[in-house]
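Descriptive analysis of the structure
In case you want the letters, here they are:
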Amino acid sequence: SRMAEQNRIKARIEKTCHKYNLTGGMHFTYVHLFHIKELNWFYCRNHKVGSSTMNTNFRKLIGKVPEHIPKPETVKAIKDMMIPTVSFSFVRHPFERLVSAYREKILNNANPRMVEDFRIQYGKNETFTNFVQWILDMSQVNCRTNFECGLDTHWIPYHFNCGFCDTSYTVVGRLENFEE
C-alpha cells in the first residue's frame, strides 16, 4: 500500500540521518522550496528527480510554475510555513540520479562550462567512472561538513536542499513510483 511505502521511505530517511549524524543542523536551500498557496502545498524540489515534469504539472494545475519562497529569516519560519500544508518532495535512487546528470550534463553537453571544467581534469575521456570520480573530488574540496556543501544542485545530497533529517514531510515520493 502507499501508506506502507511512505512508512518505509520515512524509516529509511530516519535511519540514514542517524547513521551519518545529519540531525540537528537543519539545512534548506530556499530556492528549492515552493509554497503553492492555491493548493495549500509546500514542495521541495530536487533536480534530476522529475523537477521538469513537476513544472509541467504545476502549469496544468495552477496555470504557472510557482516561484520559490522568499528568503526566510530563520529555519523555524520555513517549518512554520510547512505545518498547515501538505508538504512533499521527490527523491530518486542516487545512482540513477547520477546517471541522468551524466547523460544530460556531460554526454549531451547541456552545460558547456561544466563540460569544460570536467575536461580540464579528464580530457575527452568522458566515462561515467570519471564523472563520478570528478564529483567525489569536488566533494572533498566543497563539502567541508555534513551541513555545508557547494556541489552542483543536480547531484548535491538531498538533505542539503530539503532538510529531510529535521523535518517531517507529509509525502516523500520516489521518482520510480511517480506515476502512482
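Structure: see above.
Calculation rules
- Residues numbered from 1 in each chain as written.
- Predicted model: local features only at pLDDT ≥ 70, side-chain atom pairs only at ≥ 80, totals over all residues.
- Heavy atoms only, no water.
- Pairing = 2+ DSSP bridges.
- Helix = DSSP H or I, 4+ residues; strand = E, 2+ residues; numbered from the N terminus.
- Axes fitted to C-alpha atoms, helices over the stretch in contact; angles between N-to-C directions.
- Contact = heavy atoms within 4.5 Å.
- Disulfide = S-S within 2.5 Å.
- Buried < 20%, exposed > 50% of the residue type's maximum accessible area, 1.4 Å probe, protein only.
- Phe/Tyr/Trp six-rings, centres within 6.5 Å; stacked < 30°, edge-to-face > 60°.
- 1 Å grid on protein atoms, 1.4 Å probe; cavity = no way out; pocket = protein on both sides within 12 Å on 5 of 7 lines; lining within 4 Å.
- Points joined across faces, edges and corners; volume = space filled by probe spheres on them.
- Nonpolar A, V, L, I, M, F, W, Y, C, P; charged D, E, K, R; others polar.

1. Remarks on the sheet that holds strand β1 (residues 33-36)
- Ordered by their spatial adjacency, four strands build an open sheet running β1-β2-β3-β4, and the pairing between neighbours is mixed. What marks the edges here is a single partner per strand, and that holds for β1 and β4 (171-174). Direction aside, neighbouring strands of the sheet carry axes that sit 20° apart on average.
- Bridge count between strand β3 (residues 86-91) and β4: four bridges; the pairing is parallel. Bridge pairing in β4 places Phe90 opposite Gly173.
- Each of β1, β2 (41-44) and β3 touches helix α2 (residues 51-62); the most contacted strand, β2, lies at about 160° to it.

2. Details of the state of the cysteines
- According to the stated counting rule, one finds three disulfides in the structure shown.
- Between the sulfur of Cys17 and that of Cys165 lies a disulfide, 1.9 Å long from S to S. Its torsion about the S-S bond being -80°, the disulfide of Cys17 and Cys165 is classed as left-handed. On the criterion of sequence distance, the pair formed by Cys17 in helix α1 (residues 2-19) and Cys165 in the loop between α7 (159-162) and β4 is long-range, its members being 148 residues apart.
- Under the relative-accessibility criterion, Cys17 is labelled buried at 4%.
- Judged by its relative accessible area of 15%, Cys165 falls in the buried class.

3. Overview of the packing of aromatic side chains
- What the rule picks out here adds up to 14 aromatic pairs.
- Residues Tyr102 and Phe131 carry aromatic rings whose centres are separated by 5.5 Å and whose planes lie at 45° to one another, so their mutual orientation is tilted. Note that Tyr102 is positioned in helix α4 (residues 94-107) and Phe131 in helix α6 (residues 128-142), a separation of 29 residues in sequence.
- When its relative accessible area of 0% is taken as the criterion, Phe131 is described as buried.
- One aromatic cluster is present, formed by Tyr102, Phe118, Tyr122, Phe128, Phe131, Trp134 and Trp155 through successive ring pairs.

4. A closer look at empty space enclosed by the protein
- Tallying each qualifying case throughout the model produces two cavities of 30 Å³ or more.
- Each pocket or cavity is described by its volume, and for the second largest cavity that value is around 30 Å³.
- Every residue along the wall of the second largest cavity is listed here: Phe34, Tyr43, Arg45, Asn55, Phe58, Val65 and Pro66.
- Of the residues contributing to the lining of the second largest cavity, the split by class is five nonpolar, one polar and one charged.

Everything listed here is a matter of geometry and, on its own, says nothing about what the molecule does.
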